[in-house]
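Structure at a glance
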Amino acid sequence: MPQRWLRPPYRLSILACLAAAALAALHASHAAGPMQQAGTPSPLMLACAVLLGALALLLWRQHRLALRLQALEQLRAEAEQARLAGEQHKARAQERLRIGRDIHDDLGQHLLTLKIDLAMLQTSTHDAAPLLARQLDMMARNIDLSIAALRCVIHDLRPPALDAGLQAACDGLLADFKRTTGIDCSCDYRLDAAAGSAHGPLLYHVLQEALANIARHARATHVQLSLQQAGATLACRISDDGVGLSGSPPRLGCGLSGMHERVAAAGGSLHIESRSGAGTTLRLSLPLAACEEAPVLHD
């Protein structure tokens, strides 16, 4: 609406110009004498035409400026949303690291101390009471299972393979996958270290889940991984040449359904393309934190 993009001084100027044009036209209609040739415009009419032309130019420039300001505000809003999403993701990652350290330092140490005490008890009661020894062995196995489960929880919060970087972690996953399944793998990395660390744990878990599904169901002979950075977006593609997923749309297991939720929480999107007998392609897109300010527009 005009009221949103016309400033008060401009509105007053427009009203003054319109009033002057109306008075000039009225004066010209009464002041035209018989000496004036028919069809010859008076100086006042020419002045009114100039004023109206200037007014039209002013309105057009104001409208053009309003459109550019609106586009600038939209760009700034999108940049702010991307920045907030990046800060939230970073805060969540830091919180997960803190929880993992607390679990390791507190509960992990308690379990380790309990295992040491139990080992000493086993040594002191060995051959003294066979029934007690069997019971202590069972308790020791339960403690070992608890420690293993605790490590799994900590590693899920922050996989230790990511300490060497996302690319090295993905290479390790692909190497283990090829060694255990015999399926050939290829990869293409086109991203910097900062982009990889932004969504490292999420991408690592997505690749883990995708490779596990391929090993169980795909009957594939080749797997291809692509990680690319395009501007403020990180794109991941995992494809195989297997038998594809059944159903239309394809049926998703609990693992991939959970990945959909985690990717959506990170502000990204996850799409799966599959046809029977034509393999499966998983496409993942994640936003990267904006690192540049919105440009300043000049009229």
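Residues numbered from 1 in each chain as written. Predicted model: local features only at pLDDT ≥ 70, side-chain atom pairs only at ≥ 80, totals over all residues. Heavy atoms only, no water.

**Section: the overall build of the protein chain**
Which entries qualify depends on this criterion: Helix and strand definitions follow DSSP, with helices as H or I runs of at least four residues and strands as E runs of at least two, each counted in order from the N terminus. Think of it in three bands: residues with accessible area under 20% of the maximum for their type are buried, residues over 50% are exposed, and the middle band is partly exposed, with areas taken using a 1.4 Å probe on protein chains only. Each accessible area is a Shrake-Rupley result for a 1.4 Å probe, and residues are judged covered by the shown protein chains and nothing else.
Helix and strand counts for the protein chain stand at eight helices and five strands. Along the chain direction, N to C, the helices and strands of the protein chain fall in the order α-α-α-α-α-β-α-α-β-β-α-β-β. For the protein chain, the proportion of its 299 residues judged to be buried stands at 26%. Carbon and sulfur atoms provide 61% of the accessible area of the protein chain, an area that totals close to 19,400 Å².

**Re the pattern of salt bridges**
Rule in force here: We define a salt bridge as a contact between a side-chain nitrogen of Lys or Arg and a carboxyl oxygen of Asp or Glu at a distance within 4 Å.
Tallied over the full model, the rule gives eight salt bridges. Arg179 is paired through a salt bridge with Asp176; the nearest N and O atoms lie 2.3 Å apart. Linking Arg179 with Asp176, this pair stays in helix α5 (residues 166–181), spanning three residues, or about one helical turn. On the basis of relative accessibility, which here comes to 60%, the residue Arg179 falls in the exposed class. With its nearest N and O atoms 3.4 Å apart, the salt bridge here joins Asp184 to Lys178. A relative accessible area of 33% places Asp184 in the partly exposed class. Through salt bridges with shared partners, a single ionic network connects Glu80, Arg83 and Glu87.

**As for the environment of Val263**
The following threshold applies: Two residues form a contact once any of their heavy atoms are found within 4.5 Å.
By the element assignment, Val263 lies in helix α8 (residues 254–265). According to the relative accessible area criterion, Val263 is buried, its value standing at 0%. As for Val263 and Leu286, which are separated by 23 residues in sequence, their C-alpha atoms are 7.6 Å apart. Discounting residues that sit within four places of it in the chain, Val263 has contacts with Leu202, Gly268, Ser269, Leu270, Leu284 and Leu286.

**Concerning the confidence of the model for the protein chain**
Heads up, the rule is: pLDDT expresses how confident the predictor is about each individual residue, on a scale running from 0 to 100.
Mean pLDDT over the protein chain: 76, with 74% of residues reaching 70 or higher. Confidence scores differ between elements of the protein chain, with helix α1 (residues 2–5) showing the lowest mean pLDDT of 46 and strand β3 (residues 233–240) the highest of 93. Below a pLDDT of 50 lies the segment residues 291–299, which in the model reaches 10 contacts outside its immediate sequence neighbourhood of four places, other chains included.

**Quick notes on the side chain of His199**
For clarity, the threshold we go by: Two N or O atoms count as a polar contact when they lie within 3.5 Å, although within protein this holds only if one can serve as hydrogen donor and the other as acceptor, and sequence-adjacent residues are included solely when both atoms are side-chain atoms.
Counting through the fold element by element, His199 comes out in the loop between α6 (193–198) and α7 (200–218). Note on His199: relative accessible area 3%, which makes it buried. A polar atom in the side chain of His199 sits 2.8 Å from the backbone oxygen of Pro287. Not counting chain neighbours up to four residues away, the residues in contact with His199 comprise His89, Ala266, Leu286, Pro287 and Leu288.

**Describing a nonpolar patch on the surface**
Rules: Candidates for patches are residues over 30% relative accessible area with no salt bridge; among them, like charges are joined within 9 Å and nonpolar side chains (Val, Leu, Ile, Met, Phe, Trp, Tyr) within 5 Å.
On the surface, a cluster of nonpolar side chains totalling about 290 Å² of accessible area is made up of Leu112, Ile116 and Met120. Among the secondary structure elements, Ile116 is positioned in helix α3 (residues 43–124).

**Some words on unusual backbone geometry**
Here Arg219, not a glycine, exhibits a phi torsion of approximately 55 degrees, which is positive. By the element assignment, Arg219 lies in the loop between α7 and β2 (222–230). Judged by its relative accessible area of 67%, Arg219 is exposed.

**Let's talk about the nonpolar core**
What counts, and what does not: Side-chain atoms within 4.5 Å are what join buried Ala, Val, Leu, Ile, Met, Phe, Trp, Tyr and Cys residues into a set we call a nonpolar core.
Leu203, Ile214, Val223, Leu225, Leu227, Ile238 and Leu284 are the most contacted members of the largest nonpolar core, which has 36 residues in total. For this core, the secondary structure elements donating two or more residues are α5, β1 (184–190), α7, β2, β3, α8, β4 (269–274) and β5 (280–287). The greatest single-element share of this core, amounting to nine residues, is contributed by α7. If we ignore the near neighbours within four places in the chain, the residues touching Leu284 are Leu203, Val206, Leu234, Ala235, Cys236, Val263, Ser269 and Leu270. Within the second largest apolar cluster, seven residues are counted, among which are Leu111, Leu118, Leu136 and Ile147.

**Digging into the packing of α5 against α7**
Going by this rule: Angles run from 0 to 180 degrees between N-to-C directions of axes, and those axes are lines fitted to C-alpha atoms, restricted for helices to the stretch in contact. Geometric relationships in this document are graded by angle, where less than 35 degrees denotes roughly parallel, more than 145 denotes roughly antiparallel, 65 to 115 denotes roughly perpendicular, and other angles denote oblique. For a crossing to be left-handed, the near helix must be turned anticlockwise from the far one by less than a right angle; the clockwise case is right-handed. Gly falls in the polar group here, along with every residue not listed as nonpolar (Ala, Val, Leu, Ile, Met, Phe, Trp, Tyr, Cys, Pro) or charged (Asp, Glu, Lys, Arg).
Running from N to C, α5 and α7 point in directions that differ by 10 degrees, and their axes come no closer than 10 Å. By the angle between their directions, the pair α5 and α7 is classed as roughly parallel. α7 is crossed by α5, and the crossing has right-handed handedness. Judged by residue contacts, Leu166, Ala169, Cys170, Leu173, Leu174, Phe177 and Thr181 of α5 engage Gly200, Leu203, Tyr204, Leu207, Gln208, Leu211, Ile214 and Ala215 from α7. Each residue belonging to the contact of α5 with α7 can be placed in one class, and the counts come to 12 nonpolar, three polar and no charged.

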